[in-house]
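Chains, contacts and geometry: an overview
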Amino acid sequence: STLDRSSAASDVYKRQPITCDTGYIKNVNGKCVLAVPQIIIDSTFVNSVANCAYKLLKDNKQFNQILDKLIPKNSEYSVVFKVGKSSGKGGHTSGNTNPNIKEIDIVINEDHLENSIISIAQTILHESVHARLIEQIKSIGGMDKLNEFSNLNTEIEQLAAYYNKYGPNHNSPQHHFIWDNYIDEISKGTEAIHKLFPDNYTRFHNYMQNVGGYDINTFYKLLAKASLSETTYYKSLPIDKSTIINNMDSKMKANGKKITNQITCE
């Protein structure tokens, strides 16, 4: 019968193997995922001092902890590091949580490259956390899926609670989340990079002894908080405290180790 032939054809169609594009493989769920989870370094990034900071960070424990989580096995997404005009002072990460868009762009502001290598490294750490969080939202199927989480057992469930509290704009909930969960990781990673330049590290901190509000024990945490000025945490600080944070950040940008040769990283 026509119905039988139609049903048979349908069964054949269902049995057709899923074919994946070049560079993708099927995971255990039958989805096409990147054969090798990719972190892509764009030519604009390679040919800048941002790449020097990235190379230093690749041997850094805190950065690798973020990277290991950033592109999990079976991820469908790649992260592309670029340099260009940015909506943020230091940089920005693509806020597009549409799961059909397979790239997450981290853009380091080209004007930021005039600052110290320590500040650039910290920005890469900060933006990599954003990319990690965006990757998680994409992986569950997009922003709408966040509404399905009610527990707080995993990071994505906790992130969903921040979106529920602070709204859909990705920077605000993610910055609050970073303040509560990633300050230590970013600050430890930033200090570790600074210590790779012992002469500058010693000279810088000797100089900072005379700067109001400076404390070496909290210094790198204040740097991490400087890029979170839109959070309610930051806005609720007394003016003298927020001034100190901005001052610490400015001092590091101006007086931290400068790298001027993007080829030799010296």
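A brief look at the structure comes next. This is a predicted model, so every value here is computed, not measured.

As a further point, take the packing of helix 6 (residues 155-166) against helix 7 (residues 171-181). Helix packing for two helices is described by the angle between their axes and how far apart those axes are. At a minimum axis distance of 8 Å, the contact between helix 6 and helix 7 shows a crossing angle of 125°. The angle between helix 6 and helix 7 places the two elements in the oblique class. In the crossing of helix 6 with helix 7, the sense of the turn from one axis to the other is right-handed. Contacts between helix 6 and helix 7 involve E155, Q158, L159, Y162, Y163 and Y166 from the first element and S172, P173, Q174, H176, F177, D180 and N181 from the second. Across the contact of helix 6 with helix 7, the residue classes break down as six nonpolar, five polar and two charged.

Quick look at the side chain of S128 now. For S128, the location among the structural elements is in helix 5 (residues 117-140). The exposure class assigned to S128 is buried, which follows from its relative accessible area of 0%. A distance of 2.7 Å separates a polar side-chain atom of S128 from the backbone oxygen of I124.

With 17 residues, helix 12 (residues 239-255) ought to run about 24 Å at 1.5 Å a step, and its terminal C-alpha atoms sit 24 Å apart, in line with that. Listed as buried for helix 12 are S242, I245, M248, D249 and M252. Along the axis of helix 12, the buried residues cluster in a sector spanning 120°; they form a single face. Summarising the contacts, the buried residues of helix 12 are in contact with helix 5, helix 8 (183-194), helix 9 (198-208), helix 10 (219-226) and helix 11 (232-235).

Counted as a void, the largest pocket has a volume near 620 Å³. As for the largest pocket, its lining consists of 27 residues, of which G88, K89, G90, A226 and S227 are closest to the centre. Looking at the lining of the largest pocket, the elements with two or more residues in it are strand 5 (91-93), helix 5, helix 7, helix 10 and helix 12. Tallying contributions element by element places helix 5 first for the lining of the largest pocket, with six residues. Looking at the lining of the largest pocket residue by residue, the class counts come to three nonpolar, 19 polar and five charged.

Tracing the backbone shows N115 in the loop between strand 6 (103-109) and helix 5. A sequence separation of 135 residues divides N115 from S250, and the C-alpha atoms of the two residues are 9.3 Å apart. Within the structure, the side chain of N115 is placed 2.9 Å from the side chain of H112, a separation counted as a polar contact.

As a further point, take unusual backbone geometry. In the Ramachandran plot, C265 falls in the positive-phi region, its phi being about 60° despite a non-glycine side chain. Inspection of the secondary structure puts C265 in the segment after helix 12. With a relative accessible area of 24%, C265 lands in the partly exposed category.

Cut-offs applied
- Residues numbered from 1 in each chain as written.
- Predicted model: local features only at pLDDT ≥ 70, side-chain atom pairs only at ≥ 80, totals over all residues.
- Heavy atoms only, no water.
- Axes fitted to C-alpha atoms, helices over the stretch in contact; angles between N-to-C directions.
- Helix = DSSP H or I, 4+ residues; strand = E, 2+ residues; numbered from the N terminus.
- Parallel < 35°, antiparallel > 145°, perpendicular 65-115°, else oblique.
- Left-handed = near helix turned anticlockwise from the far one by under 90°.
- Contact = heavy atoms within 4.5 Å.
- Nonpolar A, V, L, I, M, F, W, Y, C, P; charged D, E, K, R; others polar.
- Buried < 20%, exposed > 50% of the residue type's maximum accessible area, 1.4 Å probe, protein only.
- Polar contact = N/O pair within 3.5 Å; in protein donor to acceptor, adjacent residues only side chain to side chain.
- Expected span 1.5 Å × (residues − 1).
- Arc of directions from axis to C-beta.
- 1 Å grid on protein atoms, 1.4 Å probe; cavity = no way out; pocket = protein on both sides within 12 Å on 5 of 7 lines; lining within 4 Å.
- Points joined across faces, edges and corners; volume = space filled by probe spheres on them.

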